[in-house]
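# Descriptive structure summary
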Amino acid sequence: MTMTSEPTPAAKKKLGLKERYALMTRGLDWETTYQPMEKVFPYATYEGIKIHDWDAWQDPFRLTMDAYWKYQAEKEQKLYAIMDAFAQNNGHLGLTDARYLNSLKLFLTGVSPLEYMAHRGFAHVGRAMPGVGARVACQMQSLDELRHAQTQIHSMSNYNKLYDGFHSWRHMHDRVWYLSVPKSFFDDAITAGPFEFMIAIGFSFEYVLTNLLFVPFISGAAYNGDMGAMAFGFSAQSDESRHMTLGLEAIKFMLEQDPDNLPIVQRWIDKWFWRGYRVLTLVAMMLDYMLPKKVMSWKEAWEIYAEENGGALFADLARYGIRPPLGWQQACDDKEHLSHQAWSTFYQYQGAAPFHTWVPSPEDMAWEAEKYPNTFDQYYRPRFEYWAEQEAAGTRFNNATLPQLCQVCQIPMLFTEPGDPTRICYRESEYDGETYHTCSDGCQAIFDHEPEKYVQAWLPVHQIYQGHCFGPDADPTSPDFNPLLEVIKWYRMDVGTDNAPYEGSRDQENFQAWKAMQTKN
Amino acid sequence: MTYELTIEPLGQTVEVEEGQTLLDASLRAGVYLPHACGHGLCGTCKVQVLDGEIDHGEASSFALMDFEREEGYCLACVAHAESDLTIEADVDDEPDALNLPVRSVTATVTAIVDLTPTIKGVYAKVDDPQGLAFQAGQYVNVSLPGGGHRPFSFANPPSDPHTVELDVRLVPGGLATTWIHERLAVGDRLDLAGPYGRFHVRRSADLPMIFLAGGSGLSSPRSMILDLLESGCAQPITLIHGARTHDELYHVDELTALADRHPTFTYLTAVSHEPEGSDWTGARGFVHEVAVAHFGNDFRGHKAYLCGPPAMIDACITALMQGRLFERDIYQELFISAADTQRVRSPLFKKI
């Protein structure tokens, strides 16, 4: 084939990344004619958020799907190579101590299922967004979250064949009393409208609180010799930066589009800061009590990631008229107490949790006292020392009654009054002739704003008392019927192993025996 | 060893020292590159090397993949230059930036005028017959007799590249400004390097403009406004110049006359600390307060250019945003010092 020579057009200036990305991601949709657009996007307006110009959405990152697959494929190769090597070399014997595994059990049952829910949530919200820029960004985050759920499950499943409490995490997530805390948190978010979900998860959780979840978890893995979880963390961190920028763009976009959006967004920030903060109670306990080799205290983590970084963020958001969330000051005040109160609760309810608890050793208590000079010796040491005596006397304290739960966060009523760590905080609201109980001013305010949502809460303790938490073979009419034992069986906990105290547990025995085999003949 | 780093699509060239990261060099030269973690883990600062050699530094193998390394990508927050470089970064092309080359010239001081009790106008003629071309809003570095240099914005319009006017406020205890106020004399030579900076009018936006200036921060706005009026800009222009007291306002006659001659140009002043009962009859208060009153707290549909002390800039940005003008329409001269890179800053805003 011959080509006739044509005058070459003047060299066009190379397109910038922004223009190239716009060409590949915009104009992908059309104005429907046989159905009105409000029927195509039925959730776009009912929350009251007003959007006038979706073209003003600034892409928080510029990644195309073909590049996305390449990235994630290579990340997976690296991650699975590390995980395989860790498993083949008996990496679990390089852990500091088998107590470390309990934070993994907590993470796998409590957090990994949320990653999967985040995948579903972003897929749903992306579909509901009339703007194509927001839709593409949500789609990628949705796929990221699916990958995070899978890789977390794979990196922790190596432990399942060797240690107790890893076997039925998905079944437990929907049933076990304290797992209703993270579960209901996410259920609350995905049953909200698309804009509230973006503030709840995209902004409040991914931006304001995620560092408090991931940094301690991943650093905890690194400090305690868990290469698998650490490699997962690095592989996820390169996605998290995208998630954070999406959350920030979402809030800026809403606030800039219409002044009427400000009070709505502020209310969501108040709510979701407090909801997320309550879930992080589990992280506080993990940092201060569950890691054998400790990374930093909850108080220190809170000061860096919330007070310093979050404070800088809210200083900038003030330009839009946003103030710090309502519960901010209380959360800052409570940093001295949170982890101690939470661990005390789990210690009492050892029989109903599929991970091991223990009284902190004298060395660990010295660490607590050093990190919490204002509170530990005064309020919490006496309790732990008393429990240590009880254990030594063979009368470990196990709480056999069920706790009252907060109607909103679903955490047992274990938190104390602001300013008085000796008094449990109780709040009550009336709705439709019934009384509802909450654990704090923060949760009460959330309840009072949307009581019709929270009266539907599936509260594990109520459900147990209503007889909804027994297996089909349970016989409440039998004379030796033990309701709590039946609940534990319904949770699929292996009674006496999964829910045993750490001292004398099979995990402890096996780990010590295997370590001995590694070094002796 | 110093290398030249050219950042596409801006076409701007900055210097990068041996051992300095590409990100640090860019930020210090006033070119914002997206970044987050600052130590090679998150990948936010990924850029593509179009030409030249780099050292990847501590880039995480998850944040920077092997296939990306093969395609020439690097993480600007940890990468070092090993030759002159051209990179393509995820920054917006600025059609209004002239990207003038930086040159070193000498200039002879022709006049020093007391503009206010604390501000002197230094006028100099560039010795090179070519002059020193600059874009209104840019600055020059003036070499100090004892070594080092200080940046000062051009106060004159760029139509005459042979002249440099620098309006310098005496900073108590300030080495450079004390030298200029107390030692510099007509006939002295100045060593200048420039023009620098990416503060310029976004003329292609074709929108009404608001200039908010505090104290000697009037320099860039004045240069920009003179340039706009000389070249027949038809869009409305509003300048609000603020000072502590009325005798700290300057170029008042010139700006008043311009406002009389150009119906599109509005000139307002604001004094914040004028003694009670003085004969000042103009507006009292801060620049942002006068702006809010003048525009009825509605700044939509404008481009705003800010220049002045940090507290004034901060108050003005907040006022503009409360009046619904947001980051993409607000511009200011961005000096990033070593202290700024240490300060905890949220990534909510990039350039304000």
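Keep in mind it's a predicted model, so treat the numbers as computed, not measured. Each chain carries its own residue numbering, running from 1 in the direction its sequence is written. Key to labels: chains lettered from A, ligands numbered from 1, both in the order written. At least 70 in pLDDT is required for a residue's local features to be given in this predicted model, at least 80 for side-chain atom pairs to be given and counted, and no such filter applies to totals for whole chains, interfaces and linings, which use all residues. To get the side-chain values, take all heavy atoms of the structure and skip hydrogens and water.

## A closer look at the overall build of chain B
The secondary structure listing takes helices from DSSP runs of H or I that are at least 4 residues long and strands from runs of E that are at least 2 residues long, numbered from the N terminus. Along the backbone of chain B there are 8 helices and 18 strands. Our radius of gyration looks at C-alpha atoms and nothing else; its globule reference is 2.2 Å times the residue count to the power 0.38. Computed over its C-alpha atoms, the radius of gyration of chain B comes to 22 Å, within 12% of the 20 Å expected for a compact globule of 352 residues. The principal-axis extent of the C-alpha atoms belonging to chain B is close to 70 × 50 × 40 Å. Only protein chains enter the area calculation, which uses a 1.4 Å probe; residues under 20% of their type maximum are buried, those over 50% are exposed, and those in between are partly exposed. Across the 352 residues of chain B, 51% fall into the buried class.

## Concerning the packing of aromatic side chains
All names here are of chain A. Each aromatic pair joins two rings of Phe, Tyr and Trp (for Trp, the six-membered one) with centres within 6.5 Å, and gets the label stacked for planes under 30 degrees apart, edge-to-face for over 60, and tilted for any other angle. Evaluated as defined, the whole model comprises 51 aromatic pairs over all chains. Taken together, a centroid distance of 5.5 Å and an interplanar angle of 75 degrees make the contact between tyrosine 68 and tryptophan 69 edge-to-face. A relative accessible area of 2% means that tyrosine 68 is categorised as buried. Note on phenylalanine 273 and tryptophan 328: the rings are 5.4 Å apart at their centroids and 40 degrees apart in plane angle, and the pair reads as tilted. Taken together, the residues span a long stretch of sequence, with phenylalanine 273 in helix α11 (residues 261-279) and tryptophan 328 in helix α14 (residues 328-334) at a distance of 55 residues.

## Some thoughts on the pattern of salt bridges
Between side chains of opposite charge, a pair can form as their charged atoms come close. Here, a salt bridge means any Lys or Arg side-chain nitrogen found within 4 Å of an Asp or Glu carboxyl oxygen. Counting across every chain of the model gives 47 salt bridges over all chains. Taken together, the shared-partner salt bridges connect A:Lys75, A:Glu76, A:Asp144, A:Arg147, A:Asp239 and A:Arg242 into one network.

## Quick word on the interface of chain A and chain B
Pairs of residues are marked as contacts when any of their non-hydrogen atoms sit within 4.5 Å. With 42 residues of chain A at the interface, the matching set in chain B holds 33 residues. Roughly 3300 Å² is buried in total at the junction of chain A and chain B, and carbon and sulfur atoms are behind 54% of that figure. Looking only at chain A, the three residues that lose the most surface to chain B are A:Tyr71, A:Glu256 and A:Arg319, adding up to 22% of its buried area. Run the count over chain A and chain B and you get 5 salt bridges. As a salt-bridge pair, A:Glu256 and B:Arg328 come within 3.5 Å of each other at their nearest N and O atoms. Once two parts are joined, some of their accessible surface, as seen by a 1.4 Å probe, is lost; buried area is that loss totalled over both.

## A word on the nonpolar core
The biggest cluster of nonpolar side chains holds 181 residues, and the ones touching the most others in it are A:Phe203, A:Trp298, A:Leu317 and B:Leu212. Ranked by residue count, the leading element in this core is helix α9 (residues 194-223) of chain A, at 17 residues. Domains are outlined according to an automatic or database domain assignment. Each of two domains, domain 1 (2-88) and domain 3 (203-342) of chain B, supplies a minimum of three residues to this core. Setting aside residues up to four positions removed in sequence, A:Phe203 forms contacts with A:Met198, A:Val208, A:Gly247, A:Leu248, A:Ile251, A:Ile269, A:Leu313 and A:Leu317. Side-chain atoms within 4.5 Å are what join buried Ala, Val, Leu, Ile, Met, Phe, Trp, Tyr and Cys residues into a set we call a nonpolar core. Ranked by size, the runner-up nonpolar core spans 30 residues in total, among them B:Leu10, B:Ala63, B:Leu64 and B:Val78.

## A word on the domain arrangement of chain B
In many reports, interface size means the accessible area that the parts give up when they come together. For chain B, the assigned domains are domain 1 (2-88), domain 2 (103-196) and domain 3 (203-342). For domain 1 of chain B versus domain 2 of chain B, the separation of C-alpha centres amounts to 33 Å.

## Some remarks on the environment of B:Leu22
Residue and element names in this part refer to chain B. Mapped onto the fold, leucine 22 is located in helix α1 (residues 22-28). Given the relative accessible area of 0%, leucine 22 is considered buried. C-alpha of leucine 22 to C-alpha of isoleucine 87: the two residues are 65 residues apart in sequence and 9.5 Å apart in space. Ignoring sequence-local partners within four residues, the contact set of leucine 22 consists of Leu5, Val16, Ile54, Cys74, Ala76, Ala79, His80, Ala81, Leu85 and Ile87.

## Section: the sheet that holds strand β1 (residues 2-8) of chain B
Residues and elements named next belong to chain B. Each pair of strands is called paired provided DSSP finds at least two bridges between the two strands. Taken in spatial order, the 5 strands make up an open sheet running β2-β1-β7-β3-β5, and their pairing is mixed. Looking along the sheet, the strands with just one partner apiece sit at the ends: β2 (12-17) and β5 (73-75). Strand-to-strand twist of the sheet, defined as the mean angle between neighbouring strand axes without regard to direction, takes the value 40 degrees. Two strands pair when backbone bridges link them, and β1 and strand β7 (residues 85-88) are joined in this way by 4 bridges, in the parallel orientation. Bridging across to β7, isoleucine 7 finds its partner in isoleucine 87. Note on definitions: angles span 0 to 180 degrees between N-to-C directions of axes, and those axes are lines fitted to C-alpha atoms, for helices only across the stretch in contact.

## Some details on the packing of α9(A) against helix α13 (residues 298-317) of chain A
Residues and elements named next belong to chain A. As a packed pair, α9 and α13 sit with axes 9 Å apart at the nearest point and diverge in direction by 160 degrees. Comparing their axes, α13 and α9 come out roughly antiparallel. Crossing of α9 over α13 shows right-handed handedness. Residue-level contacts link Phe203, Tyr207, Val208, Asn211, Leu212 and Val215 of α9 to Trp298, Ala301, Trp302, Tyr305, Ala306, Leu313, Phe314 and Leu317 of α13. Ten residues, namely Ala, Val, Leu, Ile, Met, Phe, Trp, Tyr, Cys and Pro, are considered nonpolar, four, namely Asp, Glu, Lys and Arg, are considered charged, and the remaining ones, Gly among them, are considered polar. Of the residues contributing to the contact of α9 with α13, the split by class is 13 nonpolar, 1 polar and no charged. Between 65 and 115 degrees an angle is taken as roughly perpendicular, under 35 as roughly parallel, over 145 as roughly antiparallel, and anywhere else as oblique. We call a crossing left-handed when the near helix sits turned anticlockwise from the far one by less than a right angle, and right-handed when that turn is clockwise.

## A closer look at empty space enclosed by the protein
Residues and elements named next belong to chain A. Any residue with an atom within 4 Å of a point lines the site, the site being either a cavity, points on a 1 Å grid over the protein atoms alone where a 1.4 Å probe fits but cannot get out, or a pocket, an open set with protein on both sides within 12 Å along at least 5 of 7 lines. Grid points are joined across faces, edges and corners, and a volume is the space filled by probe spheres set on the points. Applying the stated criterion across every chain yields a total of 6 cavities of 30 Å³ or more. Considering only enclosed or pocket space, the largest cavity measures out at about 290 Å³ in volume. Lining the largest cavity are 22 residues; nearest its centre among them are Val111, Leu114, Phe205, Leu213 and Phe214. Of all the secondary structure elements, the ones that give two or more residues to the lining of the largest cavity are α4 (101-110), α5 (112-128), α8 (180-190), α9 and α12 (281-290). Per element, the largest residue contribution to the lining of the largest cavity is 6 residues, and it comes from α9. Looking at side-chain class alone, the lining of the largest cavity contains 16 nonpolar, 2 polar and 4 charged residues.

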